[in-house]
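# Observations on chain architecture
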Amino acid sequence: MIRLRCPVCGEEIAFNFKGGREPVGGLYEIVVQHRNHWLKVFIDRQGVVRRAAPVEYFVVVDPPKYTLYVYEGGIEIREEGVL
Ligand SMILES: [Zn+2]
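Report follows, based on the coordinates. Computed from a predicted structure; not experimentally measured. (Residues numbered from 1 in each chain as written. Predicted model: local features only at pLDDT ≥ 70, side-chain atom pairs only at ≥ 80, totals over all residues. Heavy atoms only, no water.)

Glancing now at the overall build of the protein. A count of helices and strands for the protein gives zero helices and seven strands. Helices and strands in the protein line up, N terminus first, as β-β-β-β-β-β-β. In terms of C-alpha radius of gyration, the protein reaches 16 Å, well past the compact-globule figure of 12 Å for 83 residues. By principal-axis analysis of the C-alpha atoms, the protein measures approximately 45 × 30 × 20 Å. A buried classification covers 23% of the 83 residues belonging to the protein. (Helix = DSSP H or I, 4+ residues; strand = E, 2+ residues; numbered from the N terminus. Rg over C-alpha atoms; globule rule 2.2 N^0.38 Å. Buried < 20%, exposed > 50% of the residue type's maximum accessible area, 1.4 Å probe, protein only.)

Attention now moves to the coordination of the zinc ion. Coordination of the zinc ion by the protein comes from Cys6 (SG), Cys9 (SG), His34 (ND1) and His37 (NE2), over a distance range of 2.0 to 2.4 Å. Coordination at the zinc ion is tetrahedral: its four donor atoms span angles of 104 to 115° at the metal. (Donors = N, O, S within 2.8 Å, 3.2 Å for Na, K, Ca; no water. Tetrahedral: all angles 85-135°; square planar, octahedral: opposite > 155°, others 65-115°.)

This part takes up the nonpolar core. If you look at the biggest cluster of nonpolar residues, it comprises 11 residues: Ile2, Leu4, Cys6, Ile13, Phe15, Tyr28, Ile30, Val32, Leu39, Val41 and Ile43. When contributions to this core are tallied by element, the ones reaching two or more residues are strand S1 (2–5), strand S2 (12–15), strand S3 (27–34) and strand S4 (37–44). Not counting chain neighbours up to four residues away, the residues in contact with tyrosine 28 comprise Phe17, Gly19, Gly20, Arg21, Pro23, Val41, Phe42, Ile43, Asp44 and Arg45. (Core = buried A, V, L, I, M, F, W, Y, C linked by side-chain atoms within 4.5 Å. Contact = heavy atoms within 4.5 Å.)

On S2, burial follows the alternation: Ile13 and Phe15 on one face are buried, whereas Glu12 and Ala14 on the facing-out side are not. Pairing geometry for S1 and S2, over four bridges, is antiparallel. For arginine 5, the partnering residue across the bridge sits in S2 and is glutamate 12. Hairpin connection, S1 to S2: the antiparallel pair is bridged by six residues, and glycine 10 has positive phi, about 85°. (Pairing = 2+ DSSP bridges.)

Here we come to the pattern of salt bridges. In total, this model carries five salt bridges according to the counting rule given. In this structure, the salt-bridge partner of arginine 45 is glutamate 22, at a minimum N-O distance of 2.4 Å. Here arginine 45 is found in the loop between S4 and strand S5 (49–54), whereas its partner glutamate 22 is found in the loop between S2 and S3, with 23 residues between them in sequence. Note on glutamate 22: relative accessible area 54%, which makes it exposed. For aspartate 44, the salt bridge identified is with arginine 50, shortest N-O distance 2.8 Å. For aspartate 44, a relative accessible area of 6% translates into the label buried. Of the residues examined, arginine 50 reaches a relative accessible area of 54% and is grouped as exposed. (Salt bridge = Lys/Arg side-chain N within 4 Å of Asp/Glu carboxyl O.)

Everything listed here is a matter of coordinates, which is why it stays silent on function.
Pasting the structure below:
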């Protein structure tokens, strides 16, 4: 379990994270949504949070304008209402 204090609102956050492949540069770089804001969290191989920074200018559109579909053969981006 990863725990950190949100750098935006100051609340305590806890989430599960299992590292997969060897991280680039020795740190896992993950983006976490917390309430209506987003954070970039850097975690080392031991599961220690090294740095957390707000993701600025991340616009949440509701309903989403584009949807990303991931298939075994590739990725497709679809604009809502357009098939
Ligand atoms: Zn927060």
